[in-house]
Each structure stands twice: as structure tokens, then as C-alpha cells.
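Topology and contacts: notes
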Amino acid sequence: MHSWLDQQQLLLSKQITQIKLPHAILISGVESAGKSELSQWLIKVLSCNKPENVQSVLMPCKSCKSCLLHRSNTYPDHLLIESGGKSIGVDQVRQASRFFEKTAQLGHCKTALITAAHNMTVSAANALLKTLEEPNPDNYIVLLTSELETLLPTIISRCFIIDIRPPVGEKLLAELKLSGTDPFVNLSQLKELSDPSVNEKYQNFEHCFCTFLQKKPINLSEVLSLLNDNSDSVRWLEKVMVKLMRQQYNWLEGDHLLNEKVIWAIYQLVLSAIKQLKLLMQANKQFIFEKLLVDITVVINK
Ligand SMILES: [Zn+2]
């Protein structure tokens, strides 16, 4: 659990102990801020039969029936609603309403978690309102979002909001116990910084893309699939280019891979591709990436 979640854990533990925990909790924060970790902890504490108090923070006991069932992912009184990158429809929300109408199988409380709540359709959000308006004393619904501003105000007003704000810059690197080699580190990189497997993926992405830019032998289809099969590729492309430019101007340590003119020309191509990807809803991602690689090849071969 990230150390910046301590305050939230303390607050929620206090509310649980005083039996004042709101029935609808909306956890907001950027990607990798710890929304999922915090919600998992909360749900496990709520369902645990005898949570332990560790310095005013409640912790699941890990040995009661509820904890053991959670561990094997077979706890019956919890419902998970995930968007899987798509929109969350009214049927999924109605499933939650029906779930809350039934009595708890273990006779304790019932919890539901909606990840990426901003992916709810308007009708799904309206259906959820009904559930939020008539809370049952032992039902808790937790919503996660990285885009609070896109949620219906009527949903937001019925939820207790927990806004996770991880530290930034040097402070963040210190929290994550990383050496501060990049003075330009920012929150958009949290995913790479806090998740070693994402970081590894990013390093590989950067390596392959720079290999391609330097005309060293690399399979173009490998570069293309790195761009295509990765939800972060657009952000990463921009990040690699910005890094190369910072190195070029000696703001960052590192080799000058290409000359200034070439880097600038490639950066413009990348920006224009990113613009197309963002603007066109139905943009053919693969086609835009293919064209980008071809255009870059022309520039570096000049
Ligand atoms: Zn337990």
C-alpha cells in the first residue's frame, strides 16, 4: 500500500469504528494513485468478522471465514462491476441493485465495487442513483474514477468523496524510494514509477523506439506492435520524444542520439499523429502508426 494512502486509511477506519461510514464512497485519483488498493483494503475490512486495529488503522484478520473466502475470490457478498475498457451499461448497474436486494449470505454486510465509474452510460448512472438514494444499512458501494469531472453531478453529490493526491516530483521519487535522476518526473508517469512491470514495458518501448530512430537493426513490425498493442503508447511516444529533446539541449543527461533538426522534425510528426489519434474517434490506430513510422523513416534517411 502506498504511504500516501495512510491518511485515507485512518479516516475510513475511524468512520467504520464509529459506525459512521457512508454507504456510497467515490474514490478519485489519477491512474496508479492507489484507488484499487484502497478499495480492496476497505472491502476486506468491511467484510472481515474481526478486523484488527493496527495503530488506528483497521486490517482484515486474514483468518476468519470472510477473509478466507476473499482470499480465494469466492466471497459471496461482494459484487465487482468492471468496464474492461468499455462502457458500463444499465444492465450491469441493475445487477448491482438486485444483488443489494438479496440478504447477505454470510449475514454480515454486502459490498459492490464499480471500477472506472466514469465509463457508466447516462442511463446506467441514472439507474445507480436509485440504489444510492435508498441505502440499506449494511450495504456499501465503492466507485473508482480517474475522471471525476465527467461523472454526473447527481452521482457525485450522493457519494462520500475520497480524492487521492499522490505527491509529485522529487517527493514522489522519494516516496517510491527511487533515485531522482529525472527532474521532470510528473504524475502522468506514476504508472511507470509505481509498477515495476509497467516500468519494464516502458523501458523496452523506449529502447526499441530509440533503436529504430538511430537506424540500428530492428524489426519494424516489432516497433509497430509496441505502438499498437499498448494503451499507453501515445503518451509514451510523446514522453520519449520530450526526453530526447531535453537530452539534446543538455537539460537531461544522456547521449545526443540524433541532430537537433531531425529530432524536431520527428517530434512534429509524432505530435501530428497524436492529434489525429485523439481527434478522430474512429481513427484507424494501426494505419496512423504505420504512416508515422514511414514518415519518420523518410526523415532519418534524409
Ligand atoms: Zn477476517
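Since this is a predicted model, take the numbers as computed values, not measurements. (Residues numbered from 1 in each chain as written. Predicted model: local features only at pLDDT ≥ 70, side-chain atom pairs only at ≥ 80, totals over all residues.)

In terms of regular secondary structure, the chain is built from 13 helices and seven strands. Its C-alpha atoms give the chain principal-axis dimensions of roughly 70 × 40 × 35 Å. Expressed as a percentage of its 302 residues, the buried residues of the chain come to 29%. For the chain, long-range pairs separated by at least 24 residues make up 68% of all intrachain contacts whose partners lie at least 6 apart in sequence. (Helix = DSSP H or I, 4+ residues; strand = E, 2+ residues; numbered from the N terminus. Buried ≥ 20, exposed ≤ 12 C-beta atoms within 10 Å, placed from the backbone. Contact = placed C-beta atoms within 7 Å.)

Here we come to helix α5 (residues 122–133). Helix length check: α5, at 12 residues, gives a terminal C-alpha distance of 17 Å against a target of 16 Å (1.5 Å per residue), a fit within 8%. By the burial criterion, the buried members of α5 are A124, L128 and T131. Along the axis of α5, the buried positions cluster into a sector of 50°, meaning they face one direction only. Turned more than 90 degrees off the buried face of α5, the exposed positions are V122, S123, K130 and E133. In this structure, the buried residues of α5 make contact with α4 (90–101), β6 (139–145) and α6 (153–157). (Expected span 1.5 Å × (residues − 1). Arc of directions from axis to C-beta.)

So, on to the environment of Y267. Mapped onto the fold, Y267 is located in helix α12 (residues 260–279). When the C-alpha positions of Y267 and E238 are compared, they lie 7.9 Å apart, and in sequence the two are 29 residues distant. When residues no more than four places from it in sequence are discounted, the contact partners of Y267 are M241 and M245.

Per the domain assignment, the segments making up the chain are domain 1 (3–166) and domain 2 (170–300). Between the C-alpha centres of domain 1 and domain 2 the distance comes to 36 Å. (Domains from an automatic or database assignment.)

Quick look at the nonpolar core now. Counting 42 residues, the largest nonpolar core has I25, I27, L42, I114, V142 and L143 as its most contacted members. Elements with a minimum of two residues in this core: β1 (24–28), α2 (35–47), β3 (57–59), α4, β5 (110–114), α5, β6 and α8 (190–194). Among the elements that line this core, the one with the most residues is α2, at six residues. Residue assignment places this core across two domains, with domain 1 (3–166) and domain 2 (170–300) each supplying three or more. Not counting the four nearest positions on each side in its chain, L143 is found in contact with L26, I114, A117 and C159. Formed by 20 residues, the second largest nonpolar core is a distinct cluster that contains F205, F209, I263 and F289. (Core = buried A, V, L, I, M, F, W, Y, C linked by C-beta atoms within 7 Å.)

Moving on, we come to the packing of helix α9 (residues 196–213) against helix α10 (residues 220–228). Between α9 and α10, whose axes approach to 10 Å, the crossing angle comes to 135°. Here α9 lies oblique to α10, going by the angle between them. For the pair α9 and α10, the crossing hand works out as left-handed. Of the residues in α10, those in contact with F205, C208, F209 and F212 of α9 are E222, V223 and L226. (Axes fitted to C-alpha atoms, helices over the stretch in contact; angles between N-to-C directions. Parallel < 35°, antiparallel > 145°, perpendicular 65-115°, else oblique. Left-handed = near helix turned anticlockwise from the far one by under 90°.)

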